[in-house]
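Listed here are the chains, written in short residue letters.
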Amino acid sequence: MNRWLTIGLFGFALALPLGAAAQDLLIRNATVYTASSHGTLKGADVLIRAGRIAAVGTGLAAGGASVLDAQGQALTPALFGGITHIGLEEVSGEAATRDAGLALGADAHHMVVRPEFDVTLAYNPASVLLPVARMGGIGFTLLSADAGAGGSIVGGQGGIVRLDGSSDPIGPRVLFISLGSSAASLTGTSRAGQWLLLDRFVAETHGRIPVDSPHARLTPEGRRVMAGYIDRGGRIVFRVERAADIRQLLAWSQRHHLEIAIAGGAEAWQLAAQLAAAKVPVFVDPLANLPSDFDQIGATMDNAARLHAAGVEVGFSQAGDASHNARKLRQLAGNAVANGLPWEAGLAGLTRVPAEAFGVAGQLGSIEVGKRADLVLWNGDPLDVAHTATQIWLGGIALPMRSRQTELRDRYMTPPPDRAAGQLPRAYSPRR
Amino acid sequence: MLRTLIAVLATALLASCAPTRATRAPAPAAAADDADGASAAFASTYRAVSAAPVLISGATVLIGDGQRLEGADVLLQDGRIAAVGRQLSAPAGALRVDGTGKWVTPGLIDVHSHLGVYPSPGMRAHSDGNEMTAPVTPNVWAEHSVWPQDPGFATALAGGITTLQILPGSANLIGGRGVTLKNVAATTVQDMKFPGAPYGLKMACGENPKRVYGQRGGPATRMGNVAGYRAAFIDAAEYAHKRQEAADKGKDAPKRDLKLDTLAGVLDGDILVHIHCYRADEMAQMLDLAREFDFRITAFHHGVEAYKIADRLAAEGVCGALWADWWGFKMEAFDGIQENIALVDRPARSCAIVHSDSEEGIQRLNQEAAKAIAAGQRAGIEITPERAIRWLTANAARALGIQDRTGTLEPGKMADVVLWNGTPFSVYAHAERVWIDGALLYDRNDPARQPVSDFMLGQGGAR
C-alpha cells in the first residue's frame, strides 16, 4: 500500500499550476545542445529573462532569477513535432473532428483549387493533443493542409504553431502540394497531369488566362495567394516520394525560381547532390524502408544519412500517425542516427532545420541569446527512446508535465476501490 | 492524413492467432490431430537450415524467463539451445562468436502481424487480410492469403523477429484463423509454418465490424456485435455436440462445416482465441462471452484500455498484446496511455506482450519495449531489461502456445537467438546476428546473410 501512496503523491507533486507566468530562471549546469554553431556546451548555464534566452555560458549570475540545477542533464531547444494536424484533428477516425482538408467538390473528378485555404484558422490550441506532444518535448509543429478528393493536389496553406496554448501561427504561411501516385487520382489518374496543372496555375497566377475563362481554376484570391509563392519566395512543401518525380520537381521549381521543401522523399537519396545544390530541405521519415508503393521502391534506412552526407538539410516528418504520435518524431531521428546520420544532424532535424525552412529561425529552433526560451530538459539522450523529457519551457514558462493521459494513468495506478469499505468509484478521484 | 487514417484503420482491421500442444516434435511435424483432421491440411513443410554449432561467449544474456547473466556463454547445437552459462567449452567444429560488450536474447516474437496478407507494396491486388463479405468468417485462414515474397519479412528479421503470427484483419466479428510462422524466407507459406504450432482465431470488438457492416446488413452497433458472436457460438456448440455424439455412438458425423470446425476447435481448446479489443468495458464483455460458451481467451490485442482492468486480466490468465504509444486514431483508442504495458505487466502472473500490427513496428519491437520501460519509470515503476524482454519473447510464445519450443534460451528449446550490439532497449540497438533453429539467417555486416525477396530483385536502380 505504501507503494501506491508514494506514487500517488509523486504524481500530485508534478501538478504545477496552469497558466503560470514567465519567471526569470537560471538553468545551471546543463549539457546544453544549442543546435547552433555553438554546438554542445557541457556544464553550461542558460539564463531566461522575460521569456527569452538572455545568456548562455558558464558561471552566469542569477541576478534575481530563480535557479534550477540541471545536474548535467541534457537541455535542448523544444523540439519540432513534424508536419501534423495537432489542433486540427482530435480523433482521426471521426470526420467531425477533422479540419485539415478542404473538399468543396463532389469527388476526385470535381477539382476545386483553393490555395487561399488557410488551415491555421481551424487551429484549436485547447486540443488534448497539445499536452501529449509537450510531454514528449515538442514545442512547435508545422500544420499542414492536405490534398484530397473534392479539392486538388494543392492542399492549401499551413504554418508553424508553438504548442504553448497560443492561438496564432508564427512566421509565414506555407503552401502544400501533393505529387506522385497517392495524388494522381486528383489529376486524371496520371502523375503527368500534375505538371500540366501546376503549369496552368502558374499561367493563371501570371494572368495569362483570364479570371473569367471557363478554363480558369483559381479564384482572384487564389491567384493573389499563389503569387506569394510563385513570385515572392514563399515556401512550398511538396509531398513526393519517387526519384523521378523529384527530378521533375527540381526542374520545375528551378524554372520558376521557387523555394521548395520536400516531405517524404523516400527516394530522395538518389538525387542527393542535386537537392543539395538546389538547397532544398528534405523532411524524411527515416523508418520508411519498405516499398510501401511503387513510388518508394528505393526506400532505405540510409536515406537521411546519405542526404546529409551530400549536404542536404535533413529534417523529419512521419508517415504514420503524425499528429497523435508526434512524440515519435525523436525516435525517427534516433533511428536515422543509428543508421549513419551524425547525432548533431539528428537534433538539427528536430530543431534548427525546420525552424529555418519554415521561416521561424529568428525566434526558435536553437539555444541562442534572443531566441524564445522554448527549452526541454531530458533525463538522458534526447534522441533515445529509453529517456524522457522531464520539463518543458515555452516562452520561459515551465508547463506542467501533465496531459489527459497522465490523468488517466494516475486514476488507474491505484488498486480498485473497495466499495464494501466505503470507497467511491474511480470517477470520484480528485482532479488535478 | 486521410491516407494515413485509412492505413491506420485498415491496419486496425487485422488480427488472429493459434495455440499449441507443442511437444518436442522434430521440425516438420504436422500436428494433425483435430477430430476433423483440419490441421492436417496445409501441413507445415518447414525445414530448419542445418548449421555447425555456435558458441557465443562473454555476453550479457537475457534468458527470457526473467533471468539475466553477465559474461555468459550460449551454445547452439543441432538447432537447439544446448547450454547457457559460464566458461562453456565449444564442441569440435563450433563457430565462435565473441559476445563481449554485446547482449543476447531469445529471438523476438510478434503475435500480431499482417505481413504477407497486407504486404508491401500495398496494392489493391495484395489486400488479402480482411474477408469483408460477411461478419462471421471463421472458415477463412490467413495462411491462404500470405504472400511469402512480402519484403517485410526480411526487414522484420533484421529487427530480430524469428517467429510471428499472421492474423486476418479486424473487419469481421470473427475474422478467421491466424497462422504462426518461422521467419525463414521461403517460396511457400507451408515452408514457413511453425511446426506443431496451434492455430489462432481472430475476433474483433468494437468500431471496425460495426463500421464495415453497419450499412451492409449489420452489425451496426456494439450490441449487434455481441449478438453476432453469441449466434456463432450457439451454432458451434451444437455442431461440437453432434460431432461428439456421433463419435460416442458410432453414428454419422454431421457434414463438415469449415466455419464450425474452427469454432468447435476453440470450444475444444485446440485453437487459441485472439481478440482485437480496445476498450476495457468491451474486454469485460468478451470475458463474459467466453464464460457463457466455456472457452478461453488467450489474448486481447491492442487493448489500449487494458490498464483499466490489468488485475482482472492477470487473474484470468489473459495476455494483453499492446502498443507502446498508439492512441487517438479512433474513438476507442482515445484513452491510450504510454504506461499501458507497464501497468498490465505489474500484477502477479501477468502476461504483457509488445505487439506491432505494423510492418514498421515489427522491425523494432525492442524500441517499443524501451518506450514502455521509460514510461513506466516516469510513473515510478522500475522495470529491468530481464523482465521486459519477456514481453517480446516468453509471453508472446505463451500466447501462441509455443512456449515449450521457443521464447526463452532454456536448453532444449529452438536455437532462435539474437545477438545485439548492446542493450536492446535503445534506439541505437541493432540486431547484429539472428539465428533461427541454430542457423545464422541474418548478419548485419554480411550481405550474403541478408534475405532478399523475389519482389526486390532488379528493382529501384542502383542501391
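Before reading further, recall that the structure is shown in the block above.
A brief look at the structure comes next. (Residues numbered from 1 in each chain as written. Chains lettered and ligands numbered in written order. Predicted model: local features only at pLDDT ≥ 70, side-chain atom pairs only at ≥ 80, totals over all residues. Heavy atoms only, no water.)

1. Concerning the overall build of chain A
Assigned secondary structure in chain A consists of 12 helices and 16 strands. Taken over C-alpha atoms, the radius of gyration comes to 23 Å for chain A, in line with the 22 Å a tight globule of 432 residues would show. Across the 432 residues that make up chain A, the buried fraction comes to 59%. Counted over contacts in chain A with a minimum sequence separation of 6, partners at least 24 positions apart contribute 66%. When the accessible surface of chain A is split by element, carbon and sulfur atoms take 54% of a total near 16,200 Å². Computed over 38 positive and 37 negative side-chain charges, the separation of the two mean positions in chain A equals 3 Å. (Helix = DSSP H or I, 4+ residues; strand = E, 2+ residues; numbered from the N terminus. Rg over C-alpha atoms; globule rule 2.2 N^0.38 Å. Buried < 20%, exposed > 50% of the residue type's maximum accessible area, 1.4 Å probe, protein only. Contact = heavy atoms within 4.5 Å. Areas by Shrake-Rupley, 256 points an atom, 1.4 Å probe, with all protein chains shown as cover. Lys, Arg positive; Asp, Glu negative; His and termini not counted. Charge placed at Lys NZ, Arg CZ, Asp CG, Glu CD.)

2. Section: unusual backbone geometry
Cis rather than trans, the peptide bond between Ser120(B) and Pro121(B) has omega equal to -10°. Here Pro121(B) is to be found in the loop between strand E6 (108-113) and helix H2 (152-158). The residue after Gly218(B), namely Pro219(B), is reached through a cis peptide bond having omega 10°. Notably, Ala50(A) is not glycine yet its phi reads approximately 50°, a positive angle. Take Ala50(A): it is sitting in the loop between strand E2 (40-49) and strand E3 (52-57). Phi is positive for His257(A), which is not a glycine, with a value near 60°. If you trace the backbone, His257(A) turns up in the loop between helix H6 (243-255) and strand E11 (259-264). Judged by its relative accessible area of 67%, His257(A) falls in the exposed class.

3. Regarding the interface of chain B and chain A
Contacts between the two partners involve 55 residues from chain B, matched on the other side by 62 residues from chain A. Buried area between chain B and chain A, summed over both chains or domains, comes out near 5,100 Å², and the portion from carbon and sulfur atoms is 55%. Here chain B is connected to chain A by 3 salt bridges. A salt bridge links Arg409(A) to Glu339(B); the nearest nitrogen and oxygen atoms lie 3.0 Å apart. (Buried area = accessible area lost by both parts, 1.4 Å probe. Salt bridge = Lys/Arg side-chain N within 4 Å of Asp/Glu carboxyl O.)

4. Digging into the pairing of strand E10 (residues 235-240) of chain A
Residue and element names in this part refer to chain A. Counting buried positions along E10 yields 5 of 6 residues, so the element is predominantly enclosed. Relative to E10, strand E9 (residues 170-178) runs parallel, the two being bridged by 5 bridges. Across the sheet, Leu175 pairs through a bridge with Ile236, a residue of E10. Bridge analysis of E10 against E11 gives 6 bridges, and the strand direction is parallel. Looking at the pairing, Val237 lines up with Ala261 of E11. What joins E10 to E11 is H6, and the crossover it makes is right-handed. (Pairing = 2+ DSSP bridges. Right-handed = clockwise from strand over helix to strand, strands pointing away.)

5. Examining the sheet that holds strand E12 (residues 282-284) of chain A
Residues and elements named next belong to chain A. If you trace the 8 strands from one edge of the open sheet to the other, you get E6-E7-E8-E9-E10-E11-E12-E13, paired in mixed fashion. With partners counted over all chains shown, the strands left at the sheet margins are strand E6 (79-84) and strand E13 (314-316), one partner each. The average angle at which neighbouring strand axes cross in this sheet is 25°, direction not considered. Strand direction decides the pairing type here: strand E8 (residues 154-162) and E9, joined by 5 bridges, are antiparallel. Bridge pairing in E9 links Gly158 to Val174. Strands in contact with helix H5 (residues 220-230) are E8, E9 and E10; relative to E9, the strand with the most contacts, it is inclined by about 100°. In the packing of helix H9 (residues 329-338) onto the sheet, the strands contacted are E6 and E13, and the crossing angle to E6 comes to about 105°. (Axes fitted to C-alpha atoms, helices over the stretch in contact; angles between N-to-C directions.)

6. Here we look at the environment of Val97(B)
Residues and elements named next belong to chain B. Within the element layout of this structure, Val97 appears in strand E4 (residues 95-98). The buried category is assigned to Val97, whose relative accessible area is 3%. Between the alpha carbons of Val97 and Glu410 there is a distance of 19 Å; along the sequence they are 313 residues apart. Leaving out residues up to four positions away in the same chain, Val97 has contacts with Val54, Leu55, Ile56, Ser57, Leu419, Arg433 and Trp435.

7. Considering helix H6 (residues 280-293) of chain B
All names here are of chain B. In a regular helix each residue adds 1.5 Å, so 14 residues correspond to 20 Å; H6 covers 20 Å between its end C-alpha atoms and thus fits that length. Contact partners of the buried residues in H6: strand E9 (200-204), helix H4 (222-249), helix H5 (258-267), strand E10 (272-277), strand E11 (297-302) and helix H7 (310-315). Just beyond H6, the residue with positive phi is Asp294, at close to 60°. (Expected span 1.5 Å × (residues − 1).)

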